Structures are given as structure tokens and as C-alpha cells.
Amino acid sequence: MKIASFHLALLVVVAGLTGTSCSTTGKKNQPSPQAAPTGAPVPLPTSAGTQDSYSRVATSLPYVALTFDDGPHPTYTPRLLDILKAKNVKATFYVVGTNARRYPEIMRRIIAEGHEIGNHTVNHPNLSKMSDDGVRKELRGTHEAIVAATGMPPRTMRPPYGAITATQKSWIRKEFGYPTILWSVDPEDWKKPGSTAVTSRLVSGAAPGGILLVHDIHGGSIDAMPATIDQIKAKGLQFATVTQLLAMEQR
Ligand code: NI
């Protein structure tokens, strides 16, 4: 509750970004509460942030975004959600379309508990080596899978391996509205260095506006989260979703 006034300020910032949130025309920017009917065009997201790409957000506000890639996973993601709920932390999940389609109930739980879902492609390819049409299919497929499961269009994307060209970032931003979200701290948890190492790397790298990369498909990464969250809070930092952090950008 101590940050309620900040949240109010953030709402004002977000309202300013969307421009027409108090008018009826602003309604079209609201996420659809229902999944789109089959065959109907999927609504594209309200744009977030000002840049085509971010590895951190320029802000002096004491917030970081915890992001989890490659899920949802049938056991690790629910275990992570239990931890996040107990710690009252909101996070962002960059899901792959194959898993999004397979575990729609976990997708709905992620949204129901106040987290955010972003687009991490259908098949996790290296986008930088693909044709525009191939990239478009990868992003559209996961966009549609997320909307089908949750009714909430994703507003940001993360390219697998961080591999993406400047040209791709630019047209993806125009066509999908997504800024490309990279990261400022990579603990290389996919190499399974042990949960203590994952925690210490994330905590030492955490700074205002930071974007922390974790994978919710490795048990050791989930095991690292309680201590990671506690130690980041002890540094005076709090947690925001990616679009909340983008709304804190100071230009
Ligand atoms: Ni990935």
C-alpha cells in the first residue's frame, strides 16, 4: 500500500501515453476481454515505450522488471507463480507459441494474477536469419495464441537469443506495435550454474530501469527466485512489469 500514490501517478503517465483514454475513442485501445472469434483479425497492441528496442529503461525510479522466457512450463511455471504471489511481485512472461497453445490454463493464471505476457515467437528461431514473412508468421502465431488463451494482446516482444536486426526492430514496431525487449542482466541460467549463482548475478546486476532475464523452464532458476526477490528488495528496488517500466521512461 505504501506505493499506492506512485501507482496513481503511473496511471496518469499511462493515460498520457495513450492520449485518449478518457474519451470513447480510447476504448479501441483497451485489450479485448474475450478471445477473438476464429478467423477474425486479432487486435494489435497499444504501443508501449518510445523506442524500437530496450535493454533497459532510462529511469531513476527504483524499479526493475523480472522477465521469464520460454514457458509456460507445466510444473515450473505454476511453482514460480506461487512464489511471485507469496512475495507480491509482478513479472513478465515471454512465452513461446507452442507452449502457450499447450498450457492455456497456465496462461490464464499468469494474467489473472496480475502479470504480463509478451511474444517470444512460435518456434524460438533465430529471427535475424529469417525473411520478413517468416518473422511475421512467428510473431503473428504467438500473438494469436496469447489472445486465444487470455483475451489480452501482448504489447512487447523478445527475440530468441536476442537475435534481431535494426531493420526488423523497426518494421515490427510499426506493424505489431511491439518494442523489442532485450535485457540488462543475463545470469546465463540456461547453463544451470546453480541457484546461488543465479541469485548473485541477478542481484548484483539489478539497478533502476533494469530488465532481468530468467527462464522458467529450469528448476534451478525457480529455486533461485525467493532469495533473488528478497535481496533485490533489500537493495531498495521494487518490481514492475515491462510495460509498467516503459511507462516510467524519463526522456
Ligand atoms: Ni528464449
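What counts and how
Residues numbered from 1 in each chain as written. Predicted model: local features only at pLDDT ≥ 70, side-chain atom pairs only at ≥ 80, totals over all residues. Heavy atoms only, no water. Donors = N, O, S within 2.8 Å, 3.2 Å for Na, K, Ca; no water. Helix = DSSP H or I, 4+ residues; strand = E, 2+ residues; numbered from the N terminus. Buried < 20%, exposed > 50% of the residue type's maximum accessible area, 1.4 Å probe, protein only. Pairing = 2+ DSSP bridges. Core = buried A, V, L, I, M, F, W, Y, C linked by side-chain atoms within 4.5 Å. Contact = heavy atoms within 4.5 Å. Axes fitted to C-alpha atoms, helices over the stretch in contact; angles between N-to-C directions. Parallel < 35°, antiparallel > 145°, perpendicular 65-115°, else oblique. Left-handed = near helix turned anticlockwise from the far one by under 90°. pLDDT = per-residue confidence, 0-100.

Quick notes on the coordination of the nickel ion
Okay, step 1: Donor atoms from the polypeptide that coordinate the nickel ion comprise D70 (OD), H120 (NE2) and H124 (NE2), at 2.0 to 2.1 Å from the metal.
Okay, step 2: Linear spacing of the donor residues for the nickel ion on their chain is D-x49-H-x3-H. With D70 in the loop between strand 2 (63-69) and helix 2 (76-87) and H120 in the loop between strand 4 (116-119) and helix 5 (132-150), the pair connects residues that are 50 residues apart, well separated along the chain.
Okay, step 3: With a relative accessible area of 12%, D70 lands in the buried category.

Some thoughts on the pairing of strand 6 (residues 211-215)
Okay, step 1: Counted residue by residue, strand 6 has 5 buried out of 5 residues, so it is predominantly covered.
Okay, step 2: Taking every second residue as pointing to the same face, both faces of strand 6 are buried, with I211, L213 and H215 on one and L212 and V214 on the other.
Okay, step 3: In this structure, strand 2 lies alongside strand 6, joined through 5 bridges in parallel fashion. Considered in strand 6, the bridge of A65 is made with I211.

Remarks on the nonpolar core
Okay, step 1: The biggest cluster of nonpolar side chains holds 34 residues, and the ones touching the most others in it are L66, F68, L84, F93, M225, I229 and I232.
Okay, step 2: Every element with two or more residues in this core is listed here: strand 2, helix 2, strand 3 (92-95), helix 4 (104-112), helix 5, helix 7 (195-205), strand 6 and helix 8 (219-234).
Okay, step 3: By residue number, the principal contributor to this core is helix 8, which donates 5 residues.
Okay, step 4: Residues within four places of F93 in sequence aside, it is in contact with F68, T77, L80, L81, L84, I110, H115, E116, I117, G118 and D216.
Okay, step 5: Core analysis: the next-biggest nonpolar cluster, separate from the first, contains 13 residues, Y63, I181, L245 and M248 among them.

Focus on the packing of helix 2 against helix 8
Okay, step 1: The N-to-C vectors of helix 2 and helix 8 enclose an angle of 15 degrees; their axes lie 9 Å apart at closest approach. Between helix 2 and helix 8, the angle falls in the class roughly parallel. As for the relative orientation of helix 2 and helix 8, their crossing is right-handed in sense. Contacts between helix 2 and helix 8 involve Y76, R79, L80, I83, L84 and K87 from the former and G219, I222, D223, M225, P226, I229, D230 and K233 from the latter.

Let's talk about unusual backbone geometry
Okay, step 1: A cis amide bond, omega -5 degrees, links G71 with the succeeding residue P72.
Okay, step 2: Relative to the helices and strands, P72 is located in the loop between strand 2 and helix 2.
Okay, step 3: Positioned with a positive phi, N88 is a non-glycine residue whose angle comes to about 55 degrees.
Okay, step 4: Mapped onto the fold, N88 is located in the loop between helix 2 and strand 3.
Okay, step 5: The exposed category is assigned to N88, whose relative accessible area is 61%.
Okay, step 6: In this structure, K192 takes a positive phi of about 55 degrees despite not being glycine.

Re the confidence of the model for the protein
Regions with low pLDDT should not have their predicted coordinates read in detail.
Okay, step 1: Predicted confidence across the protein gives a mean pLDDT of 87, with 81% of residues reaching 70 or more.
Okay, step 2: Across residues 1-37, where pLDDT falls below 50, the model places 34 contacts with residues more than four positions away in sequence or in other chains.

Looking at the environment of G97
Okay, step 1: The residue G97 is located in helix 3 (residues 97-102) in this model.
Okay, step 2: Overall, the relative accessible area of 0% leaves G97 in the buried class.
Okay, step 3: A C-alpha to C-alpha distance of 9.0 Å links G97 and G71, two positions 26 residues apart in sequence.
Okay, step 4: Once residues lying within four places of it in the same chain are set aside, the contact partners of G97 are T121, V122, T142 and A145.

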